[in-house]
Amino acid sequence: MSLFKARDWWSSSVGQDEEFDQGCLCVANIDNSATGHDKIILGSYMGFLRVYAPNPSNPGEAMNPEEQLVEVHLKDPIIQVEAGKFVSGTENLHLAVLQPRKLSVYTVSGTTGTVDHGNQYQLRLIYEHNLQRTACNMAYGPFGGVKGRDFICIQSMDGMLVFFEQESYAFGRFLPGFLLPGPLCYIARTDTFITVSSSRYVESYKYQTLAVATDADTRQESEHQKLVSGKKLAADWMLSIGEIALDLNVLSNPVAASVFVLGERNFFCIKENGQMCFMKKLEHNPSCFLPYASVCEGTSNSLIGNHNNMLLVYQDVTLQWAAQLPHVPVAIRVANFQDLKGVVVTLSSDGHLQCSYLGTDPSFFQAPKVESREINYDELDAEMKSLHKIIKEASKTQDILPLAEKEDDLTVAIHIAPNMDAISQAVSTEVEGEEVPSITVKVKIKTRLVVQNPKVAVSVQPPLTVTQDLFIIDSMGPGSVSTVTFGVFLKNSYPPAELGGAVAVSYSTPTGIPRVSQCNFSLPLRLVCIPASPLKNANYKVTIDTNKLPVNLLEIFPDFVEAFEEEQVNALGLQLIAGSRITLLASKTSQRYRIQSEAFEDLWLIIQELNTRFEKHFAKQGAKDFRCSFAGPIPLQEYFEKIDRHFELRLNSKKYQDLLSERAVQFRAIQRRLLTRFKDKTPAPLQNLDTLMDGTYRQVIALADAAEENRSALCQEFTRLRSATHLIILLIELWQNLNRDQTVILEATLLPLLQDTPQLGWEESVDAAVTHLLRTCLSKSPKDQALNLTSHLTMPKDTSKLKKHITLLCDRIGKGGRLTLSAEGSAQTPIVMPGGCAPIMEEEITELELRGVFANKRQHSKQVDEVFVMAALEREQQNILNYSTETESF
């Protein structure tokens, strides 16, 4: 806020409910009085034309009715008012009024009154021009260098410049590349017109160039065009300012002329030849401006009003003065009145007209004096102690986020039925053969306060689906309870990657604040799995170790008991409804459990369920040290097969899209050729174009069907890849006994996406995340940490690099690497292997195969110690012996 205010000399509130803009204000000696004092001419969008002659006896007084000379209603909105020599045969000033479809020139004349009646003023129409196009703004001046006369140029909303030589129409020209009209002004010194196009270029056009260009009115008249020769209209110069121009003005002197442009954020000064003189960045959004001559040679002054009610005075780019205005100005002019010269006239959009000067009387606010009172030091000491206590308690809290309220406005509770539905709710399912079961989920919503327009949204991951995913509930009062019920079932013919979902309740508080409450739920395994007889052999096998005595599988899976014989307690068969059969085997002599299946990714749901049920079983027995483990090796080769299959489908999708684009272009080209043949007045043979179009159409349909089929297969394969990734993460967690924080980092690294998109796929996302871990918390040297990742992720050519990085990630985790996001993890010390061997550098690793604990088959003998090779071979032999012994025990 400015220290000084603009001193009010005269002000008035013009009209009621009227609107004004920058072209609605003009200051001139419009009545051509001998005194030469200026008058204020106002035109409003409501069609009122007013003329004022301010002459207050004391500064700041209310307007005297005699100071309003003229008030006329012209019906149509007034866009712009200007004063100039618009009538032939005289050099007196006349008033030009621009309306959307009319240009009118008036004369304002005064008659001296007698006795007490005062002076009388009249507004008389001299001539008018009806416009064929809607006008936007106008500029005037001695076009072509005429003496003692002013011509008028009107810019229409469609980009046409219409020229009037006083009472007669001259010509019209269309601006090239026009889109939206911009401000317009005329430089008399160079006889040029300046405007700012919608492409944010300041453009200059010579009057002579406009005069000899193609006539805009005769573009459609071919016969007249043969008689008239014109040149193509081109700009004399162009300058990009990079923003939309609010206003445009010209300041001329005998030496040169300068063009001033007011942008949305900057203020520009441009020489008459198109060179930038200076540019000033404004701190606040400007609303209007007015450049004027400076007393210092080589400089210029400018008045700039902004939306902070400020009037700023600049000398070139230096702020010289700032004053506070009572309104936001939309137009500024400088006028000379009877008692004061250089008065600043400002107009607001709602009609507040003010004449002010820049005084130096500061307006200070003085606070009123308060009554003195005696100070009670005992009360102050008690208050200080209580405040210190509050500050001390608050400083103990280290939480950045505020603590949640003890009781929420709305609580969501989810109850899942213990048994499958007697009558399945599954509809439109793609699973064939087996009857698809469903389960009922009940959501109970309880409110503590008034809740408006609650909506319940349910989401599950495909291939699971729900019978209804959106519920709209009426507004609920305090303490009310509402319940919604829906069913969940398997829709597509492949197993899911997660048996979970989420319920989100969105609502509004009585004050209109939107809130969301969310609750997650887990579905039982029985929804996607049924009992089956166990199989002896399978292609994929995983062995889980525990630190507790073997448990009867019937106790762990009581809901799958019906299909077993009572004496078969160490084998359990489970059949995924849309997948393969999984067999669980419990060792008779050790604390091991084998899970085997014909599909690698199908092992995930069963192993996760087994691990969860083990934890619950031993927790009921009071065992706090229960732990599952995995001895290895990590089945990366099987995992890489899923990655290759998913990547192959992505490549096919891209090929289909490219082929479809080519056939679509070909189809449109054939259509254009046929359309041209059909429109031709002279019949011509089609030359088998119809046959070619029919064949192309069939190809487009076939490619579209193939692309849709590939998209469905890609969605299915991505779910299988997620299942396989979940399994790898779980096995690494059990293998290295990772804590919860490290597991979360690993999940975020290998499962960054819920679904593939054409712009970002799983392979490039995981590769970037794994590379980041290898160069930060799992790096072995500062050289690795210095490497930077690219910020642009693109689809790779193949998966070899990704598989190498995942293998290297598992290798470094297996050698003691710690997953962390803190800075301490980046400064990890090199890991020393048993036997005093140095760690393998990333440059030395060309291909790692997980045999045993990742023994490298292609190590260079000169760079690896013999002790490390012997130790690796011994560990591999020991693993083979353990595996054979374990097989015999099963």
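Residues numbered from 1 in each chain as written. Predicted model: local features only at pLDDT ≥ 70, side-chain atom pairs only at ≥ 80, totals over all residues. Heavy atoms only, no water.

K.L.:
So what's going on with the overall build of the protein chain? Which residues, and what values?
P.N.:
The helix and strand inventory of the protein chain stands at 13 helices and 42 strands. Buried positions account for 43% of the 890 residues belonging to the protein chain. For the protein chain, restricting intrachain contacts to residue pairs at least 6 apart in sequence, the fraction spanning at least 24 positions comes to 60%. Taken as a whole, the protein chain presents about 48500 Å² of accessible surface, with 51% of it coming from carbon and sulfur. (Helix = DSSP H or I, 4+ residues; strand = E, 2+ residues; numbered from the N terminus. Buried < 20%, exposed > 50% of the residue type's maximum accessible area, 1.4 Å probe, protein only. Contact = heavy atoms within 4.5 Å. Areas by Shrake-Rupley, 256 points an atom, 1.4 Å probe, with all protein chains shown as cover.)

K.L.:
Describe the sheet that holds strand S33 (residues 470-472), and please don't skip the residues or the numbers.
P.N.:
Strand order in the open sheet formed by four strands is S33-S31-S35-S36, with antiparallel pairing between adjacent strands. On the outer flanks of this sheet lie S33 and strand S36 (514-522), each paired with one strand and no other. Ignoring which end each strand starts from, the neighbouring axes of this sheet average 15° apart. (Pairing = 2+ DSSP bridges. Axes fitted to C-alpha atoms, helices over the stretch in contact; angles between N-to-C directions.)

K.L.:
Break down the packing of aromatic side chains for me, citing the residues and quoting the values.
P.N.:
Counted according to the given criterion, the structure contains 27 aromatic pairs. Geometrically, the ring pair formed by Phe193 and Tyr207 is tilted, given 6.3 Å between the ring centres and 45° between the ring planes. Taken together, the positions of Phe193 in strand S15 (residues 192-196) and Tyr207 in helix H1 (residues 207-212) put the pair 14 residues apart, joining distant regions of the chain. For Phe193, a relative accessible area of 1% corresponds to the buried category. (Phe/Tyr/Trp six-rings, centres within 6.5 Å; stacked < 30°, edge-to-face > 60°.)

K.L.:
Mind laying out the pattern of salt bridges, listing which residues take part and the relevant values?
P.N.:
The full count for this structure, using the stated rule, is 20 salt bridges. A salt bridge links Glu498 to Arg722; the nearest nitrogen and oxygen atoms lie 2.4 Å apart. You can see Glu498 sitting in the loop between strand S34 (481-490) and strand S35 (500-508) and its partner Arg722 sitting in helix H7 (residues 689-736), a full 224 residues away along the chain. As far as burial versus exposure is concerned, Glu498 and Arg722 are alike and both buried. Through salt bridges with shared partners, one network takes in Glu18, Arg50 and Glu71. (Salt bridge = Lys/Arg side-chain N within 4 Å of Asp/Glu carboxyl O.)

K.L.:
Go over the confidence of the model for the protein chain with me, naming the residues and quoting the values.
P.N.:
Confidence along the protein chain averages 81 in pLDDT terms, with 84% of residues attaining 70 or more. Segment residues 218-230 is flagged for pLDDT under 50; beyond a separation of four residues in sequence, or across chains, it makes seven contacts in the model. Here residues 398-406 is a poorly scored stretch, pLDDT under 50, and it has one contact once near neighbours within four places are set aside; other chains count. (pLDDT = per-residue confidence, 0-100.)

K.L.:
Kindly report on the nonpolar core, identifying the contributing residues and their values.
P.N.:
In this structure, Phe486, Leu525, Leu584 and Tyr639 are the most contacted members of the largest nonpolar core, which totals 97 residues. With residues near it in sequence (within four places) discarded, Phe486 still touches Ile439, Thr440, Val441, Val443, Val458, Val466, Thr467, Gln468, Phe471, Val503 and Phe521. In this structure, Trp10, Val14, Tyr52 and Leu353 belong to the second largest nonpolar core, which totals 18 residues. (Core = buried A, V, L, I, M, F, W, Y, C linked by side-chain atoms within 4.5 Å.)

K.L.:
Account for helix H9 (residues 762-775), with residues named and values stated.
P.N.:
The end-to-end C-alpha distance of H9 is 20 Å, a good match for the 20 Å that 14 residues give at a rise of 1.5 Å each. The complete set of buried residues in H9 reads Trp762, Glu763, Glu764, Ser765, Val766, Asp767, Val770, Thr771, Leu773 and Leu774. Of the surrounding secondary structure, the elements contacted by the buried residues of H9 are helix H6 (636-679), H7, helix H8 (740-750) and helix H11 (800-814). (Expected span 1.5 Å × (residues − 1).)

K.L.:
Requested: an account of the sheet that holds strand S13 (residues 168-174), with residues and values cited.
P.N.:
In any sheet, the strands associate via hydrogen bonds between backbone groups, in a parallel or an antiparallel arrangement. Taking strand neighbours across the sheet as the criterion, the four strands line up as S10-S11-S12-S13 in an open arrangement whose pairing is antiparallel. The open sheet has two free edges, formed respectively by strand S10 (135-141) and S13, since each of these has just one partner strand. Pairwise comparison of adjacent strand axes, ignoring direction, gives a mean angle of 20° for this sheet. Both S10 and strand S11 (residues 151-156) contribute to a ladder of six bridges, which runs antiparallel. In the sheet register, Asn137 faces S11, and the bridge partner there is Gln155.

K.L.:
Which residues make up empty space enclosed by the protein, and what are the values?
P.N.:
Gaps left between atoms are located by rolling a probe of water-molecule size over the structure's atoms. Under the definition given, this model contains four cavities of 30 Å³ or more. Size it by volume and the largest cavity reaches roughly 70 Å³. Looking at the lining of the largest cavity residue by residue, the classes come out as six nonpolar, six polar and one charged. (1 Å grid on protein atoms, 1.4 Å probe; cavity = no way out; pocket = protein on both sides within 12 Å on 5 of 7 lines; lining within 4 Å. Points joined across faces, edges and corners; volume = space filled by probe spheres on them. Nonpolar A, V, L, I, M, F, W, Y, C, P; charged D, E, K, R; others polar.)

K.L.:
Could you give me a rundown of a nonpolar patch on the surface, with the residues and numbers involved?
P.N.:
A contiguous nonpolar patch, built from Ile375, Tyr377 and Leu380 and spanning about 340 Å² of accessible area, is present on the exposed surface. The exposure class assigned to Ile375 is exposed, which follows from its relative accessible area of 54%. (Patch = residues over 30% accessible without salt bridge, like charges linked within 9 Å, V, L, I, M, F, W, Y side chains within 5 Å.)

K.L.:
So, the packing of H9 against H11: which residues are in play, and what are the values?
P.N.:
Packing of H9 against H11 brings their axes to within 9 Å, and their N-to-C directions diverge by 40°. In the packing of H9 onto H11, the handedness of the crossing is left-handed. Residues Trp762, Glu763, Val766, Asp767, Val770, Thr771, Leu773 and Leu774 of H9 lie in contact with H11, whose contacting residues are Lys801, Leu802, His805, Ile806, Leu808, Leu809 and Arg812. Classifying every residue of the contact of H9 with H11 gives nine nonpolar, two polar and four charged. (Left-handed = near helix turned anticlockwise from the far one by under 90°.)

K.L.:
Which residues make up the pairing of strand S6 (residues 80-84), and what values do they have?
P.N.:
The buried fraction of S6 is high, at five of five residues. Alternating residues of S6 divide into Gln80, Glu82 and Gly84 and Val81 and Ala83, and every residue in both groups is buried. In terms of strand pairing, S6 meets strand S7 (residues 94-99) through five bridges, oriented antiparallel. Counterpart to Val81 in the pairing with S7 is Val97.

K.L.:
Which residues make up unusual backbone geometry, and what values go with them?
P.N.:
Residues Pro462 and Pro463 are joined by a peptide bond in cis, for which omega reads 15°. Considering the arrangement of structural elements, one finds Pro463 in the loop between strand S31 (452-460) and strand S32 (464-466). Phi at Arg200 is positive, roughly 70°, even though this residue is not glycine. Position of Arg200 among the secondary structure elements: in the loop between S15 and strand S16 (201-206).

K.L.:
Any chance you could break down the packing of H6 against H7 for me, citing the residues and the numbers?
P.N.:
Contact geometry for H6 and H7: axes closest at 8 Å, N-to-C directions at 160°. Considering their axes alone, H6 and H7 lie roughly antiparallel with respect to each other. Relative to H7, H6 is oriented so that their crossing is left-handed. Residues belonging to the contact of H6 with H7 are distributed by class as follows: 25 nonpolar, nine polar and eight charged. (Parallel < 35°, antiparallel > 145°, perpendicular 65-115°, else oblique.)

K.L.:
Kindly report on a negative patch on the surface, identifying the contributing residues and their values.
P.N.:
On the surface, Asp378, Glu379, Asp381 and Glu383 cluster together into a patch of negative charge. Checked against the element boundaries, Asp378 lands in helix H3 (residues 377-396). (Lys, Arg positive; Asp, Glu negative; His and termini not counted. Charge placed at Lys NZ, Arg CZ, Asp CG, Glu CD.)

K.L.:
Describe H11, and please don't skip the residues or the numbers.
P.N.:
Between its first and last C-alpha atoms H11 spans 21 Å; for 15 residues at 1.5 Å apiece the expected length is 21 Å, and the two agree. Within H11 the residues assigned to the buried category are Leu802, His805, Ile806, Thr807, Leu808, Leu809, Cys810, Asp811, Arg812 and Ile813. Taken from the residues just after H11, Gly816 is the one with a positive phi, measuring 105°.

K.L.:
Explain the side chain of Ser587 residue by residue, including any values.
P.N.:
Here Ser587 shows up in the loop between strand S40 (581-586) and strand S41 (592-597). The buried category is assigned to Ser587, whose relative accessible area is 4%. A polar contact is formed between the side chain of Ser587 and the side chain of Ser590, at a distance of 2.8 Å. (Polar contact = N/O pair within 3.5 Å; in protein donor to acceptor, adjacent residues only side chain to side chain.)

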